[in-house]
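# An overview of the molecular structure
Chain residues, written in single-letter form:
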Amino acid sequence: MLDHPVEIISLKKPLSIPLDSACVEMKKACRATKRYSGSQELFARWPNLREASQRLTSLLTLYWPDHRNERKSLLVNCLDAGLAEAERSIVKDNNDMKEQKVFIQKVSSELVQCLEMTLMIKRSGVWTIYDPSIDGYLDEIMKSSVSEELSWVKQPHGAFKSAQSKLLCASRVFTMTELKLAGLLE
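### Comments concerning the overall build of the chain
- Helix and strand counts for the chain stand at eight helices and six strands.
- Shown N-terminal to C-terminal, the secondary structure of the chain runs as helices and strands in the order β-α-α-α-β-β-α-α-β-β-α-β-α-α.
- In terms of C-alpha radius of gyration, the chain reaches 16 Å, essentially the compact-globule figure of 16 Å for 186 residues.
- Judged by the C-alpha coordinates and their principal axes, the chain covers about 55 × 35 × 25 Å.
- The proportion of buried residues among the 186 residues of the chain is 45%.
- Taking the intrachain contacts of the chain between residues at least 6 apart in sequence as the baseline, contacts between residues at least 24 apart amount to 72%.

Quick look at the structure:
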């Protein structure tokens, strides 16, 4: 267990507002970025990025806080950064492949921030540490009848400083082909 963790946010079940499908939750996150129309254009050009963004939404949900600003959602910040970078890229180069590449790179760079905190999950009265590399997607965990409470604490995951941490997180969201396109795989 963790030594004297500082709690950032705690969620008790049942949630006051139940989670919707990943598609609906992703739309909420895109609206929160203030880049909703841009997201719809990007996802129309690249349906694979829509699917990846839905996996990102399932992995984090809107509840995962960003340790850099605990009142903000890491999901919203990941999407906002990726969409902003894609918009800059398409305006500058008008290169669809580069637009896709920079979105993947930027989302992956932001996503690694989920390792800066540790998520604790209370199941059947026992607290366990959530491992983002092997445990299920957070939306499934939150919907599970076994999960009672979730608590994010200020304690980095053991993999946070690892050279492979970005790839570890990105592989939960993007396909191998997308990771290769973005230069995350050799």
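Further notes follow.
### Overview of the sheet that holds strand β5 (residues 126-129)
- Ordered by their spatial adjacency, four strands build an open sheet running β1-β6-β4-β5, and the pairing between neighbours is antiparallel. Strands with a single pairing partner mark the edges of an open sheet, and in this sheet they are β1 (7-12) and β5. When the angles between neighbouring strand axes are averaged without regard to direction, this sheet yields 20°.
- When strand β4 (residues 118-123) meets β5, the two strands line up antiparallel, connected through four bridges. Residue pairing across strands places Ile121 opposite Thr128, the latter belonging to β5.

### Some words on unusual backbone geometry
- Phi is positive for Lys34, which is not a glycine, with a value near 70°.
- Positive phi values are uncommon outside glycine, yet Thr61 reaches one of about 60°.
- On the secondary structure map, Thr61 appears in the loop between α3 (47-60) and β2 (65-66).

The rules behind the values
Residues numbered from 1 in each chain as written. Predicted model: local features only at pLDDT ≥ 70, side-chain atom pairs only at ≥ 80, totals over all residues. Heavy atoms only, no water. Helix = DSSP H or I, 4+ residues; strand = E, 2+ residues; numbered from the N terminus. Rg over C-alpha atoms; globule rule 2.2 N^0.38 Å. Buried < 20%, exposed > 50% of the residue type's maximum accessible area, 1.4 Å probe, protein only. Contact = heavy atoms within 4.5 Å. Pairing = 2+ DSSP bridges. Axes fitted to C-alpha atoms, helices over the stretch in contact; angles between N-to-C directions.

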